[in-house]
Amino acid sequence: MSTLTYAVHDSMTMLRRNLKHAIRYPSVSLGAAMMPILMLLLFVYAFGDSIGAGMGGGRDAYLEYLTPGIIIMGVAAGAMSTSIAVCSDMTEGIINRFRTMNITRSSFMTGHVVGSVLQTMVSMILVVGFALAIGFRSDASPLEWLAAAGLLAAVAFAVTWLSAALGLISKTVESASNKPLLVQFLPFLGSAFVPADSMSPGLRWFAENQPFTPMTETLRGLLSGSAIGDNGWISLAWCAGISLVGYAWSRSLFNSTTKR
């Protein structure tokens, strides 16, 4: 077997380990879906009429606008479980056990990241299903739905690598649960809930130049069947950049932490 084959085999083993943990503790996985669902209910039924009227529509129009932002926010929120899981493994001694085994060093982080991405995608399917149940309708074609799923997977992959690095620098599980909060908060300062051009100049500049605004606008365009302009390429560039930074940071931290 080649080195690559061993790495893939070991990564699959670690992936199965993490998926078994997810099945054993379903509340963690469901929590990633429940928060976006609760936010969707709150903003649509508590504020939907007033915000929708301010945007030139009503509650239904605001539901169409809000749903893509809530989905992106849910992807960002799913990062917390990765940070906690990585920190837990690092502090509970399982890494010392892995070091005595003949496994590829990179498989540990790969298993965590891929497992978290799969869990996040399942959670977002639940969120989309709930949005459809309360009245959200999409004009997207099957190809646009597939592109939307690819975008969400790319965002989840990028954010998860960053979250893994945050878990590695955390000394306790409690601190690991707090560090990803900034990532989860960023969609609130974008175009997820209201258009960026309705914000004050300073906040508008920040909203237009942070990563989650083009991601949200790309998903919104795909689900509505409208043009996405340059937002698609900008989103992919952000995802690639965050992924590379998160991967390099995680690899450096993990290698230094587990160095004999």
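Residues numbered from 1 in each chain as written. Predicted model: local features only at pLDDT ≥ 70, side-chain atom pairs only at ≥ 80, totals over all residues. Heavy atoms only, no water.

## Some remarks on the overall build of the protein chain
Okay, so step 1: On a plain count of helices and strands, the protein chain comes out with 13 helices and 0 strands.
Okay, so step 2: Counting from the amino terminus, helix and strand elements in the protein chain follow one another as α-α-α-α-α-α-α-α-α-α-α-α-α.
Okay, so step 3: Relative to its length of 260 residues, the protein chain is compact, with a C-alpha radius of gyration of 19 Å against a globular reference of 18 Å.
Okay, so step 4: In terms of principal-axis extent, the alpha carbons of the protein chain reach across some 65 × 35 × 35 Å.
Okay, so step 5: With an accessible surface of roughly 12,900 Å², the protein chain has 67% of that area assigned to carbon and sulfur atoms.
Okay, so step 6: Placing the 16 positive and 13 negative side-chain charges of the protein chain at their respective mean positions leaves the two points 20 Å apart. (Helix = DSSP H or I, 4+ residues; strand = E, 2+ residues; numbered from the N terminus. Rg over C-alpha atoms; globule rule 2.2 N^0.38 Å. Areas by Shrake-Rupley, 256 points an atom, 1.4 Å probe, with all protein chains shown as cover. Lys, Arg positive; Asp, Glu negative; His and termini not counted. Charge placed at Lys NZ, Arg CZ, Asp CG, Glu CD.)

## Quick notes on the nonpolar core
Okay, so step 1: Among the nonpolar cores identified, the biggest contains 54 residues, and Phe-193 and Phe-212 are the most heavily contacted of them.
Okay, so step 2: Every element with two or more residues in this core is listed here: helix H2 (26-46), helix H4 (59-77), helix H5 (79-91), helix H7 (107-133), helix H8 (142-169), helix H12 (212-224) and helix H13 (231-257).
Okay, so step 3: Element by element, the count of residues in this core is highest for H8, at 11 residues.
Okay, so step 4: Residue contacts for Phe-212: discarding those within four places in its chain leaves Ile-72, Ala-76, Val-155, Val-159, Val-183, Leu-186 and Pro-187. (Core = buried A, V, L, I, M, F, W, Y, C linked by side-chain atoms within 4.5 Å. Buried < 20%, exposed > 50% of the residue type's maximum accessible area, 1.4 Å probe, protein only. Contact = heavy atoms within 4.5 Å.)

## Notes on the packing of H7 against H8
Okay, so step 1: Viewed as axis vectors pointing N to C, H7 and H8 meet at an angle of 135 degrees, and their least axial separation amounts to 9 Å. When the axes of H7 and H8 are compared, the pair comes out oblique. The handedness of the crossing between H7 and H8 is right-handed. Contacts between H7 and H8 involve Met-109, Val-113, Ser-116, Val-117, Thr-120, Met-121 and Val-128 on the former and, on the latter, Trp-145, Ala-149, Leu-152, Ala-153, Ala-156, Phe-157, Thr-160, Trp-161, Ala-164 and Leu-168. (Axes fitted to C-alpha atoms, helices over the stretch in contact; angles between N-to-C directions. Parallel < 35°, antiparallel > 145°, perpendicular 65-115°, else oblique. Left-handed = near helix turned anticlockwise from the far one by under 90°.)

## Some points on the environment of Leu-244
Okay, so step 1: With respect to the element layout, Leu-244 can be found in helix H13.
Okay, so step 2: For the pair Leu-244 and Ser-88, spaced 156 residues apart in sequence, the C-alpha to C-alpha distance is 24 Å.

## Some thoughts on the confidence of the model for the protein chain
Okay, so step 1: When pLDDT is averaged along the protein chain, the result is 85, and 92% of the positions lie at 70 or above.
Okay, so step 2: In the model of the protein chain, helix H6 (residues 94-99) stands out as the element of lowest mean pLDDT, 70, in contrast to H12, which has the highest, 94. (pLDDT = per-residue confidence, 0-100.)

## Regarding the environment of Val-155
Okay, so step 1: With respect to the element layout, Val-155 can be found in helix H8.
Okay, so step 2: Residue class for Val-155 comes out buried when judged on its relative accessible area of 0%.
Okay, so step 3: Remark: the alpha-carbon pair of Val-155 and Trp-233, spanning 78 residues in sequence, is separated by 13 Å.
Okay, so step 4: Those residues in contact with Val-155 that lie beyond four places of it in its chain are Val-75, Phe-212, Met-215 and Cys-239.

## Re the packing of H4 against H12
Okay, so step 1: For the pair H4 and H12, the least separation of the axes is 9 Å and the interaxial angle reads 130 degrees. The angle between the axes of H4 and H12 places the two elements in the oblique class. Crossing of H4 over H12 shows right-handed handedness. Residue-level contacts link Tyr-65, Pro-68, Gly-69, Ile-71, Ile-72 and Ala-76 of H4 to Phe-212, Met-215, Thr-216, Glu-217, Leu-219, Arg-220 and Leu-223 of H12.
Okay, so step 2: Of the residues in the contact of H4 with H12, the class split is 9 nonpolar, 2 polar and 2 charged. (Nonpolar A, V, L, I, M, F, W, Y, C, P; charged D, E, K, R; others polar.)

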